[in-house]
Every structure is written in structure tokens, then in C-alpha cells.
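Here is how the chains run, residue by residue.
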Amino acid sequence: MNTDKRRLKTRFLSVFIVSPLAFAATAGAQDRALVDQYCVGCHNEKLKTGGLALDKISLDHPAENAETWEKVIRKVRAGMMPPAGARRPDRAALDAFTEKLAAELDRAAAANPNPGTVGLHRLNRSEYANAIRDLLGLEIDASTLLPSDDSSEGFDNIADALGVSPALLERYVSAATKISRVAVGDPAISPSTATYRVPGDLAQSDHLEGLPLGTRGGLLVHHTFPLDAEYTFHIRSRVGGLGNVRQARDEDLEVTLNDARVQLVKLAPSIDFTMPVKAGPQTIGVAIVKNTAPGDDDLWQVYLSTSGVQSVAIVGPANGAGSGDTPSRRRIFVCQPSSASEEIPCARRILSTLATRAFRGSASDADLETLLSFYQTGRNKGGFERGIEMAVQRMLVDPRFIFRFEREPDNVAPGAVYRITDSELASRLSFFLWSSIPDEELLKLAGAGKLHEPAVLEQQARRMLSDERAEALVSNFAGQWLYLREVKNARPQTKDFDENLRQSFRHETELFFDSIIREDRSVLDLLNADYTFVDERLARHYGIPDVYGSQFRRVTLQDDARRGLLGQGSILLVTSVANRTSPVARGKWVLENILGSPPPLPPPNVPSLDDAAGASAHREPASVRQKMEQHRSNAVCAACHKIMDPIGFSLENFDLTGKWRTMDGTAPIDASGQMVDGTKLDGPASLRQALMSRSDVFVSTLTEKLLTYAAGRGLKYYDMSAVRAITRDAALKDYRFSTLVLGIVKSQPFQMRKKKLETTTSAAVRSLTPDPRSPRSSP
């Protein structure tokens with residue numbers, strides 16, 4: 001009996017005391033065996049498939065090869081490895097392997113944090129326009145003042161891609177001159193012409209949103225008038241007709257100013273008139289009065305489609321009556337001197353207020369002296385307001401306005417990690433959520449040293465998300481992540497497409513993404529929401545009944561195929577080519593933007609799909625799928641296409657403009673396929689279900705995109721631990737959009753920096769970088 005007890009005690013001790021070490025060794029051996037059995041056959045020192053070798057690196061200390069193991073985690077979690085056709089363990093084993101590996105890497109990252117470093121960050125064109133709006137109360141079209149920005153990592157706010165050249169600096173100086181004159185309301189502004197054109201393929205037979213009810217077609221113009229003055233309007237129209245007949249029917253053209261009618265004239269090819277307009281932002285509407293007579297048939301609708309407004313040109317100012325009362329003047333002139341002795345104190349107050357916002361922190365005495373010197377030069381030439389105009393012009397070309405400085409502290413050793421200042425944190429937060437400068441509340445908290453406090457930071461982030469300026473997340477973040485900016489460039493060769501549908505496509509997705517932000521919904525709704533936003537034109541395209549008029553409204557989707565982003569015309573349009581769908585582009589889009597696992601780049605000299613099909617000696621393939629199968633017969637092409645094509649084929653029921661179809665030419669649509677992990681697909685609904693089964697991968701991908709956009713730099717392997725921490729915390733709150741934003745704002749990559757290691761080159765660059773706290777000479 002005693003012997004049995006001793007055996008039981010020994011067994012107990014081996015299970016509950018010795019076993020942790022033994023279990024760890026066993027688990028490590030199991031992981032090594034998994035890698036050797038399913039990965040090393042391709043990823044070894046000899047083959048290095050994909051540039052990856054796993055046979056010589058240890059799993060006992062994965063942090064020593066963190067970059068390599070992060071690549072493994074990414075591919076395995078997305079279901080991309082092992083490759084299609086290869087032996088693979090069950091998903092539970094793969095998930096357990098990546099979870100353990102990620103946990104080891106996260107522990108090592110916590111012990112040795114690396115928040116990365118952002119380079120000198122110039123404001124991009126969108127940020128510049130928003131900063132002018134929030135600083136001066138003036139809306140500008142930055143595309144007419146500054147060139148487009150280069151993109152990197154999918155976004156145009158990446159610091160390393162925002163270069164500077166002498167030509168660009170000249171454009172900034174020119175822009176500052178024009179902006180300061182309009183903002184102040186310089187009476188000496190010369191007349192200029194602004195022309196607004198209607199896209200040639202815009203159908204003008206129906207009402208357009210924003211224009212008066214009872215009208216058709218036309219153009220809505222938002223224009224800033226620099227002075228109270230007279231302005232001449234030149235309206236050019238296309239007169240309708242059938243065949244060679246171009247005789248206008250008796251129609252009226254209505255012109256409105258801020259929704260009030262100011263002109264009602266007979267429609268003609270050329271209409272010119274002059275009228276006085278108050279300074280400031282005004283809305284001009286030009287549309288044709290819809291007066292379809294009783295008994296008019298469909299032939300009249302054909303007639304209507306051939307006529308419409310083509311352009312509106314505004315020329316002025318002339319006979320100026322003063323600077324007027326504009327939002328920009330109210331923003332700038334917080335005081336008005338009543339005597340010469342009050343001019344300098346008033347100028348100092350005006351410039352101090354503006355400089356604090358422009359430089360994202362309190363303006364020093366040196367800052368004000370520089371601006372006041374420019375004020376005095378202008379004052380001597382043309383009075384008080386001319387002096388303010390000159391000082392504002394100088395402010396807008398100051399490096400602290402054009403660039404986002406984050407100066408490295410002198411008392412921090414190279415390579416060390418440090419927390420950024422509250423002022424720098426305020427700037428990061430506002431450019432992340434608003435693509436603009438911080439407001440007074442943010443700057444006040446930063447100046448008091450309270451912004452970095454977790455409760456204060458969360459309250460401010462939530463406040464900013466609820467502000468209308470958070471629309472920048474839709475136009476700038478979503479516009480680039482979802483390729484919405486490319487909608488305007490698409491030219492599908494189909495009679496079902498026009499400018500009206502193009503605009504509806506983009507507006508639908510913008511409203512949809514905005515609803516996720518404003519309602520703080522789960523980001524999984526981006527894939528699975530049962531609602532969308534449509535107007536009559538888009539509803540007709542989608543086959544949704546009982547939707548009339550140009551106003552967008554929220555509708556519940558009855559068709560599962562349309563749920564989420566993958567059923568929206570904007571996404572389906574930009575992932576097609578001019579004359580057909582592109583399963584490759586659609587598959588690649590899903591891999592990059594949903595699964596975060598982009599396919600390899602194609603080898604050089606690969607023929608296009610149409611060229612390859614045309615070169616075949618066989619009969620021309622009837623469908624895109626048949627062309628793809630022919631293209632995939634090349635072994636070099638097959639490896640990558642096995643990854644992308646099944647995803648793209650599952651969306652083939654949507655044509656190149658997102659319209660549902662069951663035939664591709666003369667061939668029935670075949671939407672079947674199999675993903676790399678073996679998941680069967682047979683259409684959009686099955687693809688969505690497959691993606692939802694890896695919802696954590698989608699959230700991780702979205703988090704990476706948001707963090708890249710927020711930090712203004714590409715993410716590295718050492719950032720993945722922060723991404724996982726953000727997604728883990730968000731999972732506890734159903735992945736609501738705000739939880740991702742708050743997780744990013746509280747993360748080390750957002751709040752901290754790693755000081756660059758000193759080199760001869762970096763020391764030289766640093767010596768040339770202006771200290772934002774020091775006096776600056778004129779540009």
C-alpha cells in the first residue's frame with residue numbers, strides 16, 4: 001500500500017510540478033515538428049521560397065528572429081499558408097501555433113519596446129486646405145494651388161514620401177499670397193476667372209441633389225467671393241435636339257444664390273449677366289426648369305438627355321464696395337484699432353491668436369517679433385489691414401505651419417525611447433482624426449500638460465470623433481484605403497454607366513463608412529452590414545424597388561449578395577478594367593485590404609489577359625473565367641493566381657459596374673472556387689462568410705491601416721505587437737470603431753518615439769533643421 005502511495009505521489013508531482021517544464025518542451029517540440037513537416041520543405045536555406053528560410057532559426061527564442069516569425073504569423077493567420085494543394089494541418093493546430101508564437105513575440109516587445117521614428121512631416125494638400133479652413137475660416141481648393149502628393153503604404157500622408165523641392169516651396173509662397181489677400185479682403189484684388197464645368201457624361205434629364213426642386217440637371221457651385229462687388233457670370237449650355245436638329249424647346253434656366261432665385265432666363269447656348277454679390281462663401285445653383293408638358297412621351301426624354309448646362313464661369317470682382325463681413329475676417333480681426341496708438345497692441349493680439357493655432361503651440365516673443373516686422377512693412381505701404389495681410393502671408397510660409405516638427409530632446413540618448421510632448425501629441429491627434437491643426441481646447445490641455453493623461457486623452461478623442469471635422473476619416477482615410485479616389489478615373493465601356501452613377505457609387509460608400517464612425521458600430525459591419533445608402537439612380541442599378549428622387553436614404557438590403565463593402569458599386573468598379581471584370585484585381589483587393597496579405601508581384605513580361613487570349617490558336621474564350629483558365633495554364637502564373645482568382649471568381653456575378661448578372665457573354669456565370677485554406681466558394685455570400693470566419697484578421701488589417709495613417713509612416717515588424725494589443729482590447733467591446741481609434745491613440749507607436757542613432761548624415765540634417773523655438777528669418 002505504501003508503495004502505491006509513493007507511486008501516486010510521484011505521479012502527482014510529475015503532473016503538477018514537473019510537467020510545466022516538460023509541457024513547454026513538448027509544446028516546443030510540437031511546434032518545431034509542425035514547421036518542419038509543413039513549412040521547411042519550401043522555406044529552407046536552399047530554396048528560400050518567398051525569401052524565407054525556417055529550417056535554421058529557433059522557435060525557443062522567436063524574438064531573435066522577430067521579423068521572420070511575424071511574416072509567418074501574417075500568412076498563416078490569413079489562411080495563405082501552407083499553399084493551395086499542399087498538405088496542411090487542421091485550422092485549430094495552425095491557430096494555436098500562431099497564438100503561442102505571437103504571445104512570445106509580444107512578451108519580448110513589452111520588455112524592449114520600439115515605437116519607431118517618424119521623419120519630418122510636411123502637410124499634404126488635404127491637410128493644408130483643412131488647416132487654412134480651421135485657421136482662417138476660409139475654404140480653398142488646394143488642387144489649384146499645390147501639386148498632388150506622392151503616396152506610400154497606400155496613403156498620401158506618409159512623412160517619407162512628402163518631399164520638398166524649390167518648385168514646391170515657390171508654390172507655397174504663391175498660395176500664401178493668394179490666400180492672405182482673400183482672407184483679409186484686400187480691396188486691391190485683381191479680377192480673375194473661375195470656371196466650373198459639368199462632366200460631359202452627366203445625365204441632366206432628372207433632378208440633381210442640392211438644386212431646386214422642379215429643375216433638372218445643372219450645376220451647384222460653392223464659390224468664395226473676395227469682395228462685396230459686381231461679378232459677371234458666363235453660363236454655357238448644350239441645346240437639346242434629335243438627330244441634326246438643335247432647336248431649343250421653350251425652357252427656362254434658373255440661377256439661385258444661396259437657394260434664392262436671382263435669374264430666370266430662356267435657355268440658350270450662351271447666357272451672360274452681371275450682378276452684385278456679397279463677399280464670402282456663397283452657393284450658386286444653375287439648373288433648367290423642368291416643364292415637361294402633359295402628353296410628352298419617351299421621345300422627349302431622349303431630347304432632354306441631349307441638353308443641359310455645360311459650364312459656369314465667374315469673373316470678378318469689379319466695382320468693389322468693400323471687404324465685407326466674411327467668416328475669414330471675423331476669424332482674423334478679433335480686434336479693430338480705433339486710433340494709431342492701438343494698432344500695434346491690436347496687431348500683436350491678432351497675430352498671437354493666429355500664430356498659436358498655426359504653429360500648434362504658444363507663440364514666443366521671437367515668433368511675434370518676426371510677424372510684427374512683416375506687419376510693419378505692410379502697414380507702411382497700405383494701412384493696418386494691409387499690415388495684417390503681410391503678416392498672415394509670412395505665417396503661412398513659416399516652417400512651423402508647413403511642417404509638423406517633433407524635435408528630439410537633447411537629454412535623451414540615441415536609440416532610447418521617449419514620450420512626445422503634449423503639444424506634439426495634440427498635433428498627432430488632430431491630424432489623425434481631422435487631417436487638420438488642433439483646436440483651442442486641445443492646445444489648452446496640451447499647454448497645461450494634461451492631454452497625455454489617459455482619461456483626458458480618451459475624452460478628447462471621443463469629442464473629436466463626434467465633431468463634423470472627423471469627416472476627414474471618410475474622405476482621406478477611407479478614400480484611400482478603399483480606393484474611392486480612383487472612382488473618378490474609371491471609364492467603363494458600358495452604356496449602363498454615367499457620371500450620375502459614378503457620383504452615387506462614391507457617395508454610397510462614403511455614407512456607409514460615415515455611419516460606422518457616427519454610430520460607433522462594429523467594424524465587422526463593413527463586411528456584413530444589412531443596410532446601405534442609395535438614391536433613385538443607384539437603387540435602379542442595384543434592382544432595389546420603390547426608391548425615388550435624388551436624395552440618398554438608408555435602405556435595408558434584402559439580397560445577401562449586396563451586404564457590406566463587397567457588394568458596393570464603388571469597390572466593384574475600381575477592381576474592374578475598362579471592358580470587363582477582373583477577378584485578379586478583385587482578389588488582390590481582398591487580399592490586401594481585408595486579409596492584409598498581398599500576393600507576390602507578378603514576374604516581368606507577363607502578357608495581359610486579353611493578349612494571352614488573343615494569341616491562342618483556339619477559339620476565343622467566351623467568358624472571363626475561361627480566359628483566366630487559359631492564362632493560368634502557364635505554370636509561372638498559376639502559383640499566384642491560385643491565391644487571387646477563387647476570391648475574384650466568387651464576385652463574378654457582379655459585372656464591371658457592380659450590376660448583378662447571371663451570364664458573361666454567352667457563358668453562364670460560374671462563381672465557384674476554393675480558397676487556399678480549402679474553403680469552398682460559390683458566390684459573394686460564401687466569400688463574405690469565409691472572411692467573417694477570419695474576422696480577427698480583417699480587424700487586424702484595418703488596425704494596421706489606421707495606425708499607418710495615424711502615425712504617418714509604414715509599419716514594421718516591431719509594430720505588430722501594438723496592433724495585436726489594440727485588436728485584443730477592441731474584441732472585448734465588439735470591435736466598435738471607437739475602440740480601435742482609442743487603442744491607437746493610447747498605443748506606444750502613437751505616443752512615443754525612438755531617438756535616431758546619430759550618424760554624420762543625420763547630424764548634418766539636424767543642424768539644418770530649424771528649431772521651432774528659435775527666431776526665424778524671412779523665407
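Residues numbered from 1 in each chain as written. Predicted model: local features only at pLDDT ≥ 70, side-chain atom pairs only at ≥ 80, totals over all residues. Heavy atoms only, no water.

Trainee: Any chance you could explain the overall build of the protein chain here in plain terms?
Mentor: For the protein chain, the helix and strand inventory stands at 29 helices and 18 strands. Evaluated residue by residue, the protein chain yields a buried proportion of 50% over its 779 residues. Excluding contacts between residues fewer than 6 apart, the proportion of contacts in the protein chain whose partners are at least 24 apart in sequence is 72%. Total accessible area computed for the protein chain in this model is approximately 36,000 Å², and 52% of it derives from carbon and sulfur atoms. (Helix = DSSP H or I, 4+ residues; strand = E, 2+ residues; numbered from the N terminus. Buried < 20%, exposed > 50% of the residue type's maximum accessible area, 1.4 Å probe, protein only. Contact = heavy atoms within 4.5 Å. Areas by Shrake-Rupley, 256 points an atom, 1.4 Å probe, with all protein chains shown as cover.)

Trainee: Got a minute to help me understand empty space enclosed by the protein in this structure?
Mentor: Think of a ball as big as a water molecule: rolled over the atoms, this probe shows where empty space is left. Going through the model one piece at a time under the given rule, you end up with 5 cavities of 30 Å³ or more. By volume, the largest cavity is sized at about 140 Å³. Mapped onto the lining of the largest cavity, the elements with two or more residues apiece are α2 (66-77), α25 (695-711) and α26 (720-731). Taken together, the residues of the lining of the largest cavity break down into 6 nonpolar, 3 polar and 5 charged. (1 Å grid on protein atoms, 1.4 Å probe; cavity = no way out; pocket = protein on both sides within 12 Å on 5 of 7 lines; lining within 4 Å. Points joined across faces, edges and corners; volume = space filled by probe spheres on them. Nonpolar A, V, L, I, M, F, W, Y, C, P; charged D, E, K, R; others polar.)

Trainee: Would you explain the pattern of salt bridges in this entry?
Mentor: Between side chains of opposite charge, pairing is possible as soon as their charged atoms come close. Applying the stated criterion to the full structure yields 52 salt bridges. Note that Arg122 is salt-bridged to Asp149, the shortest N-O span being 3.2 Å. In this pair, Arg122 sits in strand β1 (residues 121-122) while Asp149 sits in the loop between α4 (125-136) and α5 (166-184), placing the two residues 27 residues apart along the sequence. Classification of Asp149 by relative accessible area gives buried; the value is 15%. Across the salt bridge formed by Arg563 and Asp560, the nearest N and O atoms sit 3.7 Å from each other. Take Asp560: its relative accessible area is 40%, and that puts it in the partly exposed class. (Salt bridge = Lys/Arg side-chain N within 4 Å of Asp/Glu carboxyl O.)

Trainee: So what exactly am I meant to see when it comes to the packing of aromatic side chains here?
Mentor: Think of a pair of aromatic rings as described by two things: how far the centres are apart, and how the planes are tilted against each other in angle. Within this structure, the stated rule accounts for 23 aromatic pairs. Note on Phe403 and Phe405: the rings are 6.1 Å apart at their centroids and 50 degrees apart in plane angle, and the pair reads as tilted. Of the two residues, Phe403 and Phe405, both sit in the buried class. One aromatic cluster is present, formed by Phe155, Phe432, Phe477, Trp481, Phe513, Phe698, Tyr709, Phe737 and Phe750 through successive ring pairs. Taking the ring centre of Trp434 as reference, the NZ or CZ of Arg469 above it sits at 3.8 Å. (Phe/Tyr/Trp six-rings, centres within 6.5 Å; stacked < 30°, edge-to-face > 60°. Lys NZ or Arg CZ within 6 Å of the ring centre and 35° of its normal.)

Trainee: Can you help me understand the sheet that holds strand β2 (residues 192-197) in this one?
Mentor: Two pairing modes exist for strands in a sheet, parallel and antiparallel, and in both the strands are linked by backbone hydrogen bonds. Spatial strand order, β2-β9-β4-β7: 4 strands in an open sheet with antiparallel pairing. Edge strands, defined here as strands with exactly one partner in the open sheet, are β2 and β7 (270-277). The average angle at which neighbouring strand axes cross in this sheet is 20 degrees, direction not considered. Here 9 bridges tie strand β4 (residues 228-238) to strand β9 (residues 308-322), and the two strands are oriented antiparallel to one another. By the bridge assignment, Asp228 is partnered in β9 with Gly322. (Pairing = 2+ DSSP bridges. Axes fitted to C-alpha atoms, helices over the stretch in contact; angles between N-to-C directions.)

Trainee: Would you explain the confidence of the model for the protein chain in this entry?
Mentor: Detailed reading of the predicted coordinates is not advisable wherever pLDDT falls low. Here the protein chain averages 90 in pLDDT, while 87% of its residues score no lower than 70. Segment residues 760-768 is flagged for pLDDT under 50; beyond a separation of four residues in sequence, or across chains, it makes 3 contacts in the model. Below a pLDDT of 50 lies the segment residues 772-779, which in the model reaches 17 contacts outside its immediate sequence neighbourhood of four places, other chains included. (pLDDT = per-residue confidence, 0-100.)

Trainee: I'm lost on the sheet that holds strand β3 (residues 215-225) in this one. Help?
Mentor: A sheet is described by the order of its strands in space; here 4 strands give the open sequence β3-β8-β5-β6, paired in antiparallel fashion. This sheet does not close on itself; its edge strands, each paired only once, are β3 and β6 (260-266). The mean inter-strand angle of the sheet, taken between neighbouring strand axes irrespective of direction, is 20 degrees. As paired elements, strand β5 (residues 252-257) and strand β8 (residues 280-289) share 5 bridges and run antiparallel to each other.

Trainee: Mind showing me how you'd approach the packing of α2 against helix α3 (residues 91-111) here?
Mentor: How two helices sit against one another is set out by the angle between their axes and by the gap between those axes. Where α2 contacts α3, the axes come no closer than 10 Å and their chain directions differ by 150 degrees. Considering the angle they form, α2 stands roughly antiparallel to α3. For the crossing formed where α2 meets α3, the hand is left-handed. Contact residues: Ala66, Trp69, Glu70, Val72, Ile73, Val76 and Arg77 in α2; Leu94, Phe97, Thr98, Leu101, Ala102 and Leu105 in α3. Grouping the constituent residues of the contact of α2 with α3 by class yields 10 nonpolar, 1 polar and 2 charged. (Parallel < 35°, antiparallel > 145°, perpendicular 65-115°, else oblique. Left-handed = near helix turned anticlockwise from the far one by under 90°.)

Trainee: Mind showing me how you'd approach unusual backbone geometry here?
Mentor: Residue Pro82 is bonded to the preceding Met81 through a cis peptide linkage, with omega at -5 degrees. Here Pro82 shows up in the loop between α2 and α3. The linkage connecting Gly316 with the following residue, Pro317, adopts the cis geometry, with an omega of 10 degrees. Of note, Asp546 is a non-glycine position whose phi angle comes to about 65 degrees, a positive value.

Trainee: Before we go on, may I ask you to explain the state of the cysteines in this structure?
Mentor: In a disulfide, the sulfur atoms of two cysteines are covalently bonded to one another. For the coordinates displayed, the defined rule picks out 1 disulfide. There is a disulfide in this structure between Cys335 and Cys346, and the S-S distance comes to 2.1 Å. Between Cys335 and Cys346, the S-S torsion sits near 115 degrees, and that sign places the bridge as right-handed. Taken together, the positions of Cys335 in the loop between α7 (327-332) and α8 (343-358) and Cys346 in helix α8 put the pair 11 residues apart, joining distant regions of the chain. Taking the relative accessible area as the measure of exposure, Cys335 reaches 14% and is therefore buried. You can see Cys39 has no disulfide; the closest cysteine sulfur is in Cys42, sitting 9.0 Å from it. (Disulfide = S-S within 2.5 Å.)

Trainee: I keep staring at the nonpolar core and nothing clicks. Help me out?
Mentor: Nonpolar side chains in soluble globular proteins tend to end up buried together. Formed by 93 residues in total, the largest nonpolar core has its most connected members in Phe432, Phe513, Leu526 and Phe737. No other element matches the 8 residues that α25 contributes to this core. Formed by 48 residues, the second largest nonpolar core is a distinct cluster that contains Leu123, Leu138, Ile332 and Ile437. (Core = buried A, V, L, I, M, F, W, Y, C linked by side-chain atoms within 4.5 Å.)

Trainee: Help me understand the side chain of Asp149, please; the structure alone is not making it clear to me.
Mentor: Side chain to side chain, Asp149 and Arg122 meet in a polar contact 3.2 Å long. Of the polar contacts made by the side chain of Asp149, one reaches the backbone nitrogen of Arg125; its length is 2.7 Å. Those residues within four positions of Asp149 in sequence are excluded, and the remaining contacts are Arg122, Asn124, Arg125, Asp156 and Leu162. (Polar contact = N/O pair within 3.5 Å; in protein donor to acceptor, adjacent residues only side chain to side chain.)

Trainee: Looking at this structure, I do not really get the side chain of Arg724. What am I missing?
Mentor: Looking at the secondary structure, you find Arg724 in helix α26. Excluding residues that lie within four positions of it along the chain, Arg724 makes contacts with Glu70, Ile73, Ala102, Leu105 and Asp106.

Trainee: Can you help me understand the pairing of β7 in this one?
Mentor: Two faces, one strand: in a regular strand the side chains alternate between the faces of the sheet. Covered by surrounding structure in β7 are Ile271, Phe273, Met275 and Val277 only, the residues Ser270, Asp272, Thr274 and Pro276 on the alternate face being uncovered. Bridge count for β4 against β7 is 8 bridges, and the pairing is antiparallel. Within the sheet, the bridge partner assigned to Glu230 lies in β7 and is Pro276.

Trainee: What am I meant to see in the environment of Glu468 here?
Mentor: Residue position: Glu468 is located in the loop between α14 (454-466) and α15 (472-481). When the C-alpha positions of Glu468 and Arg518 are compared, they lie 9.6 Å apart, and in sequence the two are 50 residues distant.

Trainee: In this structure, what is going on with the pairing of β8? I would like to understand it.
Mentor: Among the 10 residues that make up β8, 7 are buried, leaving the element largely enclosed by the rest of the structure. Relative to β8, β3 runs antiparallel, the two sharing 9 bridges. Residue Arg216 lies in a different strand from β8, and its bridge partner there is Ile288.

Trainee: Help me understand the environment of Thr356, please; the structure alone is not making it clear to me.
Mentor: By the element assignment, Thr356 lies in helix α8. Overall, Thr356 belongs to the partly exposed group, its relative accessible area being 24%. Through-space distance from the C-alpha of Thr356 to that of Leu443 is 8.4 Å; in sequence the pair is 87 residues apart. The contacts of Thr356, once residues within four sequence positions are left out, are Gly361, Ser362, Ala363 and Leu443.

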